[in-house]
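# Analysis of the macromolecular model
Here is how the chains run, residue by residue.
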Amino acid sequence: MDDAAREHLFDLIRLPTASDGAPPVQRVRWANQQLIDSWTAHAALITGRGHAVLATNALARALLTDFNAMPTQHRNYIRWLILDPAAAPLFADWETVASEMVAALRLDAGKHPDDRGILDLVGELAVKSEQFRTWWADQRVVSSSYGVKRFQHPVVGDLELNWQGLALPGDEDQTIFIYFPEPNTRGADALALLASWSAAPTAASADTQVASSEVAELPASETRD
């Protein structure tokens, strides 16, 4: 039994206390929104319980999707990842990413058994996604705070990015996730191009063939040891 499975077991057998019950609505402090907005070269988002997306910066919206444009109840990373048809083509290994996120959701559900948002999310995904039902039935739990994701972005093409989760001690159950490239790689050039493209209001409405032609000139990724 690994650490995540052990933690999940303890959550399941934990006796209820007087403080248990429906948790409060989560909100992002103004300072934290300003912090991620200042990271113009890195994509960043803040998630809460059940991987609800509480805040994003401009580059995260360009890299992933515009969570701000969604109804509030739909702003969830896992819901988007599994139910949005545009999400799967964005990831080179979508099934691995999605199944691990479902395992992370199960861990979160054990910590917050009375969270209405998590309960509703699990119910919706179980009804709408056969793959979710299969992964959820596996009873797998995962806890990870860093890794690598490979993207197939429609504007800047293929890029590999590191990601890091940073818990916010003063804001319970909130985590900043940052996506950033290795220096001097094609991913770094592609992310810089995406940052430039997303920063210009007119560029977003222009024909993306301009961006695509620039991507073709980006150097190939270097082979790592």
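What follows covers the packing of helix H6 (residues 116–128) against helix H7 (residues 130–137). Direction vectors running N to C along H6 and H7 enclose 120°, while the axes themselves pass 5 Å from each other. In terms of orientation, H6 lies oblique with respect to H7. Residues Val122, Leu125, Ala126, Val127 and Lys128 of H6 lie in contact with H7, whose contacting residues are Glu130, Phe132, Arg133 and Trp136.

Attention shifts here to the pattern of salt bridges. For the structure on display, the rule yields six salt bridges. Residues Arg49 and Asp115 are paired through a salt bridge, measuring 2.6 Å at the closest nitrogen-oxygen approach. Remark: Asp115 occurs in the loop between helix H5 (94–111) and H6 and Arg49 occurs in the loop between strand S1 (43–47) and strand S2 (53–56); sequence separation between them is 66 residues. Accessibility assignment for this pair places Arg49 and Asp115 in one class, buried. Between Lys128 and Glu124 there is a salt bridge, with its nearest N and O atoms 2.8 Å apart. Here Glu124 and Lys128 lie together in helix H6, a separation of four residues that amounts to about one turn. Within this structure, Arg79, Glu124 and Lys128 form a network of salt bridges that share partners.

This part is about the side chain of Arg186. Considering the arrangement of structural elements, one finds Arg186 in helix H8 (residues 186–199). Among buried charged residues, Arg186 stands out as having no salt bridge; its nearest opposite-charge side chain is Asp158, 6.5 Å away.

One pass over the structure, following the stated rule, counts eight aromatic pairs. Ring centres of Phe91 and Phe151 lie 5.2 Å apart, and the angle between their planes is 40°; on these two criteria the pair is classed as tilted. One end of the pair, Phe91, is in the loop between helix H4 (77–83) and H5; the other, Phe151, is in strand S3 (residues 146–153), and 60 residues separate them in sequence. You'll find Phe91 and Phe151 in the same group, each marked buried. Note on Trp163 and Phe177: the rings are 5.8 Å apart at their centroids and 50° apart in plane angle, and the pair reads as tilted. Residue Trp163 is found in strand S4 (residues 157–167), and its partner Phe177 is found in strand S5 (residues 175–180); the two are separated by 14 residues along the sequence. Across the pair, exposure class does not vary: Trp163 and Phe177 are buried alike.

Along H7, the residues classified as buried are Phe132, Trp135 and Trp136. Down the axis of H7, the buried set is contained in an arc of 100°. They therefore lie on one face. Exposed residues on H7 whose side chains face more than 90 degrees from its buried face are Glu130 and Ala137. Contacts from the buried residues of H7 go to H4, H5 and H6. For H7, the capping residue at the N-terminal end is Ser129, with a side-chain oxygen 3.4 Å from the backbone nitrogen of Gln131.

Cut-off values and rules
- Residues numbered from 1 in each chain as written.
- Predicted model: local features only at pLDDT ≥ 70, side-chain atom pairs only at ≥ 80, totals over all residues.
- Heavy atoms only, no water.
- Axes fitted to C-alpha atoms, helices over the stretch in contact; angles between N-to-C directions.
- Helix = DSSP H or I, 4+ residues; strand = E, 2+ residues; numbered from the N terminus.
- Parallel < 35°, antiparallel > 145°, perpendicular 65-115°, else oblique.
- Contact = heavy atoms within 4.5 Å.
- Salt bridge = Lys/Arg side-chain N within 4 Å of Asp/Glu carboxyl O.
- Buried < 20%, exposed > 50% of the residue type's maximum accessible area, 1.4 Å probe, protein only.
- Lys, Arg positive; Asp, Glu negative; His and termini not counted.
- Phe/Tyr/Trp six-rings, centres within 6.5 Å; stacked < 30°, edge-to-face > 60°.
- Arc of directions from axis to C-beta.
- Polar contact = N/O pair within 3.5 Å; in protein donor to acceptor, adjacent residues only side chain to side chain.

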